Every structure is written in structure tokens, then in C-alpha cells.
Amino acid sequence: MKKVAIVGAGQSRYGDFPEKGIKELFLESYQDMVKSVDKGMDSRRIGAAYVGNLGSGGFQLGNMSALVSEFVGLPYIHTVRVENACASGGYALISACMDVLSGAHDVVLAGGVEKMTDVSGVKQKYWLGVSGDTEYERLAGTTFAGLYALIAHRHMHEFGTTREHLSAVAVKNHKNGAQNPKAQFQKEITLEKAVKSPYVAYPLNLFDCCSTTDGASSVLVCDAELAKEFTDTPIYIAGFGSSSDYLAIHDRINTVTLEGTKRAAANAYDMAGLSAKDIQLAEVHDCFTIAELLACEDLGFCEKGKAGQFVEDGHTQIDGDRPVNASGGLKSKGHPIGATGTGQAYEMFNQLRGTVDKPARQVRDAEIGLIHNVGGSGGTVSVSILRR
Amino acid sequence: MAHVSVPMYWRTIPQRYRMVGQRCRKCDAVNFPPKGVCKYCNASFEFDEVKLSGKGKVHTFVLIGAGGAPPEFAEQEKAGGMYPVAIVELEEGPKVIGQIADVNPKDVKMDMPVSTELRKVYSEEGVIRYGFKFIPEELSR
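Residues numbered from 1 in each chain as written. Chains lettered and ligands numbered in written order. Predicted model: local features only at pLDDT ≥ 70, side-chain atom pairs only at ≥ 80, totals over all residues. Heavy atoms only, no water.

Details of the sheet that holds strand S10 (residues 368-375) of chain A
Residues and elements named next belong to chain A. The nine strands are arranged S3-S2-S4-S7-S1-S8-S11-S10-S9 in an open sheet whose pairing can be described as mixed. The open sheet has two free edges, formed respectively by strand S3 (78-82) and strand S9 (281-283), since each of these has just one partner strand. Each adjacent strand pair in this sheet contributes to an overall mean axis angle of 25°, direction not counted. Alignment of strand S2 (residues 48-52) against S3, held across five bridges, turns out to be parallel. For Ala49, the partnering residue across the bridge sits in S3 and is Thr79. Helix-sheet contacts for helix H8 (residues 259-272) involve strand S8 (235-244), S10 and strand S11 (380-387), and the interaxial angle to S8 is about 145°. (Pairing = 2+ DSSP bridges. Helix = DSSP H or I, 4+ residues; strand = E, 2+ residues; numbered from the N terminus. Axes fitted to C-alpha atoms, helices over the stretch in contact; angles between N-to-C directions. Contact = heavy atoms within 4.5 Å.)

Looking at the pattern of salt bridges
Summed over all chains, the structure comprises 33 salt bridges over all chains. Between Asp251 of chain A and Lys35 of chain B there is a salt bridge whose closest N-O contact spans 2.7 Å. Of this pair, Asp251 of chain A sits in the loop between S8 and H8 while Lys35 of chain B is found in the loop between strand S2 (30-31) and strand S3 (47-51), placing the two residues in two different chains. For Arg129 of chain B, the salt bridge identified is with Glu124 of chain B, shortest N-O distance 3.7 Å. With a relative accessible area of 1%, Arg129 of chain B lands in the buried category. On the basis of relative accessible area, Glu124 of chain B is assigned to the buried category, the value being 10%. By sharing partners, the salt bridges in this structure join Arg13, Lys20 and Glu28 of chain A into a single network. (Salt bridge = Lys/Arg side-chain N within 4 Å of Asp/Glu carboxyl O. Buried < 20%, exposed > 50% of the residue type's maximum accessible area, 1.4 Å probe, protein only.)

Overview of the pairing of strand S7 (residues 113-124) of chain B
Residues and elements named next belong to chain B. Sheet topology places strand S4 (residues 56-64) next to S7; two bridges connect them, and they run antiparallel. In the sheet register, Lys57 faces S7, and the bridge partner there is Pro113. As paired elements, S7 and strand S8 (residues 127-136) share ten bridges and run antiparallel to each other. Its bridge partner being in S8, Lys120 is matched across the sheet by Tyr130.

A word on the packing of aromatic side chains
Going through the model one piece at a time under the given rule, you end up with six aromatic pairs over all chains. Seen in terms of ring centroids, Phe73 of chain B and Tyr83 of chain B are 6.2 Å apart; in terms of plane orientation they differ by 35°. Their pairing is tilted. In this pair, Phe73 of chain B sits in the loop between S4 and helix H3 (74-80) while Tyr83 of chain B sits in strand S5 (residues 83-90), placing the two residues ten residues apart along the sequence. On the basis of relative accessibility, which here comes to 0%, the residue Phe73 of chain B falls in the buried class. Between Phe73 of chain B and Tyr122 of chain B, the ring centres sit 4.9 Å apart and the planes meet at 50°, which makes this aromatic pair tilted. In this pair, Phe73 of chain B is assigned in the loop between S4 and H3 and Tyr122 of chain B in strand S7, connecting sequence segments 49 residues apart. Comparing Phe73 of chain B with Tyr122 of chain B, the two get one shared label, buried. Ring pairs connect the aromatic residues Phe32, Phe132 and Phe134 of chain B, which therefore count as one cluster. Across from the ring centre of Tyr236 of chain A, 4.7 Å away, lies the NZ or CZ of Lys3 of chain A, which sits over that ring. Lying across the ring of Tyr136 of chain A, Arg16 of chain B places its NZ or CZ 4.5 Å from the centre. (Phe/Tyr/Trp six-rings, centres within 6.5 Å; stacked < 30°, edge-to-face > 60°. Lys NZ or Arg CZ within 6 Å of the ring centre and 35° of its normal.)

Remarks on the pairing of S8 of chain A
Residue and element names in this part refer to chain A. Among the ten residues that make up S8, eight are buried, leaving the element largely enclosed by the rest of the structure. In this sheet, S8 lies alongside strand S1 (residues 4-11) in antiparallel orientation, the contact comprising three bridges. Residue pairing in the sheet places Val4 in a bridge with Ile237 of S8. Here S8 pairs with S11 via eight bridges, running antiparallel. Within the sheet, the bridge partner assigned to Gly239 lies in S11 and is Ile385.

Some remarks on empty space enclosed by the protein
For the coordinates displayed, the defined rule picks out three cavities of 30 Å³ or more. Considering only enclosed or pocket space, the largest cavity measures out at about 100 Å³ in volume. What lines the largest cavity is simply Tyr136, Leu139 and Ala140 of chain A together with Arg16, Ile97, Gly98, Gln99, Val121, Gly131, Phe132 and Lys133 of chain B. Of all the elements in the fold, those that place two or more residues in the lining of the largest cavity are strand S6 (95-99) and S8 of chain B. In terms of residue class, the lining of the largest cavity is built from six nonpolar, three polar and two charged. (1 Å grid on protein atoms, 1.4 Å probe; cavity = no way out; pocket = protein on both sides within 12 Å on 5 of 7 lines; lining within 4 Å. Points joined across faces, edges and corners; volume = space filled by probe spheres on them. Nonpolar A, V, L, I, M, F, W, Y, C, P; charged D, E, K, R; others polar.)

Concerning a nonpolar patch on the surface
On the surface, Tyr17, Leu118, Ile128 and Tyr130 of chain B cluster together into a nonpolar patch covering about 360 Å² of accessible area. Counting through the fold element by element, Tyr17 of chain B comes out in helix H2 (residues 13-18). (Patch = residues over 30% accessible without salt bridge, like charges linked within 9 Å, V, L, I, M, F, W, Y side chains within 5 Å. Areas by Shrake-Rupley, 256 points an atom, 1.4 Å probe, with all protein chains shown as cover.)

With respect to the interface of chain B and chain A
For an interface, size is often stated in terms of accessible area lost upon the parts coming together. Listed per partner, the contact involves 43 residues of chain B and 31 residues of chain A. Between chain B and chain A, the buried area comes to about 3500 Å², and carbon and sulfur atoms account for 64% of it. Run the count over chain B and chain A and you get three salt bridges. In this assembly, chain B and chain A are joined by 15 residue pairs in polar contact (both at pLDDT 80 or more). With six residues, S4 of chain B is the largest single contributor of residues to the side of chain B that touches chain A. Here strand S5 (residues 199-202) of chain A runs beside S4 of chain B; their pairing, made up of two bridges, is antiparallel. From the neighbouring strand, Ala201 of chain A faces S4 of chain B, where its bridge partner is Ile64 of chain B. (Buried area = accessible area lost by both parts, 1.4 Å probe. Polar contact = N/O pair within 3.5 Å; in protein donor to acceptor, adjacent residues only side chain to side chain.)

Listed below in C-alpha cells is the structure:
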């Protein structure tokens, strides 16, 4: 069977960029990707582009993938906007893999872009509420912080997860993000500051929540047999998987497990012939601190209910035995919705090649890494396993 | 936009006002809110209407504070401070999300018994939306 390789990856800076729209952000990531292809690349080889995106500045924009593709010099290709809420980028990467595996195209671009700061605060909340269950969850008066708070509270009730456990995730991710020149918040925070920040949706406080971000990311994938034409050190996609779930939390079989994560991971592990214990580092979807704890459990890094202790004990630090979110995660690096998934692939590509921009963030000698992208409160999940 | 339009709201009035659910003709389980196919057996789309008791207990809850409220609920948060939203496990089996009313947010507890009343939820586009809210059982009339 065919295999897929990543031969280049780029990311724009993440943050608040009034002077850049979706075209300019996407171009920044695309040019960064082109620069990363060791042996150079002729853009005419790219046969397709899959672009993750939720909305363009808070509004629908038809044909947006054709727009950003032609802007970066890729007219006349098969191009599609991929929308699965915050997991759009992860699914764009999987779509690109499926395209290559099908034999339709042998060099394909997967990317994502989101422009979130063009939207006023009030519109922001109208817009971002769209990825949950609108009819019931929204009408009960919740936004995403409220939904993840419902999960967090039950997790605390069932397993004794503490305020400090949640804040430990924020502190670690800000520590890592402080070493990421492309991160939105390059600043460490203390545990005390994280614990005492004001409640947004009790039990979640301000420092449990990621921000809104402008950003883009681009990943070049190809048939593995062609990989050496682009670089001597390709990164292979050993496996991928995805799964949907009931949108509303009240419809799910378990409040404290993201079934989508478990199933997506099972598929990815199966395809790769690997298990959770083989994963040396991971970029997981920490839109809220509780989400990183759920990810550690549902991906199989630790037992159900034990992730708080697992993080507090330092296992997920850069020098721990299973670094998680060395990039700073969504929490500190930022979460430009449609770009997040392929942004994780950008980080993992560099981690596994040993080419991370700052040595303090480089995980040593890693061969196998996992990326995990969640849409909404778990309605869609994608997992990919990358291997040197 | 994520707001619930008047027509979208209007289509769910049986659920909002009277808690009308579906009893599956194949597996007898109760679906609420309604599904296209029974979510318990995943094998039948034939249902009988069933009106739920509205009684249940708090499975989990959140206190929505400043910054956590959707814009159409911001006024409520501003006027009354944090408001509780719970997922309640109903007597008939299904869980459903809703606000808890008539309670000091500090007094909301896990597993607390609640019943259901028709209340004003919010107003938007000049239309008041009514729907069910949960009331602590000890306060219910």
C-alpha cells in the first residue's frame, strides 16, 4: 500500500494582526512551508489543496479555498475548504492523505487559516457558538467555556481532579509557549496567578481558556516514494483516524470521555501498528485546560481520571517522559481555529526532524509523535501519527 | 450565527413547553431531545410521543460568569450575576441541559433533585422565548 510523507511545513505567526487578512496570513504560512522544503519545490507539482477554515472574519465566504490558493500561486487545482469546526485543520491533513493514498494526486497541500480578530466581541461569541449544539446547549445560556466547564466539573466530582491540576496545564503550556517565537502569548505564568484568575464559567477561570487568534499553517504531503525528491529527511504519516460523536454533551454515553478521541486514536494506532505507549510526544487539543487532561486519558497516555496527577507529576513537561504541547498548545501558542490542526503538524514535523526554532523547546531524539485536533466540545476529532 | 432564530425555536416548542420526548417502539428507551433514529438501539425510527415528568437530578453544572455568557444572556448575567446551567439526568433516563432557577448559585450541588417549570429564558428580536428551567425540588410548588 502507498504511504504518505510530509516534506515541508510552515506556519504564520499566531496572534492579532490588523494588517493581515486570510489571504496574507495564508501566504505567510505557505512561503514559510516553501522555504522548509530542503531541495526546493516547483509549485506546479501541487495537484490539490485542502484548507481548514471555520469562517472568514466571522462570516461565510464562498469559494474561500480557491481564493487563498490562487493568491499563493496555485490556480487551476483541486481545492476544497474543509470545515469541521476547530478540527478543520486536522481533517484537512487527513483529506490530503486520503487524496494521495487514492492515487488522485501525488503532491498535495494541507493547510488552514482563520481570521478571528476582525470580529467585535459580541459577534465573536455569536460566531464561535456555532460549533456546539445550538438548539439546546446555546439556549441554556452556554458558550464553549461553559460546555467544557460542565465536563471539568463532572471530572472533578468523579475523580478528584483539582483546581491546581487544571492550572498546571496552563502553567506548563505558557512555559513552553514562552520559547515559541510564533506563539500568541510568549509569557510564562505562575501557578498562583493561574489558580486565582477570575471565573469565566466556574469551575473554569480565565487562564483555563485559550484566546482568539489570527493565523495560518501549511503542510506539503506527497506519495512517500517521491519524498526524497524534496528532502533527505521526510516525516512519514504512519497512521491517521477520525471520529464524530453526538454534538450535545447531554447526548453522549459518558460526560468525562471524548469518545471521538478514543475512536480516532484507536484507528490511527491500528493503521500505524503502534499503541499509546509508543508515542514519545504529542500535540493535543487544549482549547481549555480540562481538554488536555481528557486528551491524555482518552489517547491512552494515562489511566482514566488520573491525568491531573499525571500532568502535576511532570510527565508531560518537555524534559518529561511524554512531552505534551511543547509548542505551547492552543493555550499559549494560540488557536486560529481552521489552522490549528496543520499547525500541530508543523510543530511535530520540526520536533521529529530536530529543527525546532528554539533549542529550549526541542524534545530530544524523538522518533514518533501524535497530533490530536478536536472540533467543538468533541463532535469531531482527528488524530495523526507522525514518524521519522 | 449561533443564535436560535424564531422559526428554529418555534419548531421545538413541544420540547420547550411540555418536554415531549420519543419512546422507541423497538427498544422502549426514551429519547429527549428527539432524534431521527433512536440513539439507544440505533435501529428504529418509529416512536410514540411521551411527556416527561421533568423530574431528575443534577449530573453536572457550571456557573456562567462575566465573559462566559452568550450575548443574548449577557443582560441576565449583568443583572443577577453568575447563573447556573446543569445537565440533569431525568427520571425517564435521558440527560438534558438547562438553567437552574430560584436558587443561590452557591447552593447548587451535584446530584441535587430538581423538577421543571416553564419560565422566560431570554428575549431576542423582540420576541420573548419561554422554555423549561430546573427548580430545586425542595422549592417546587
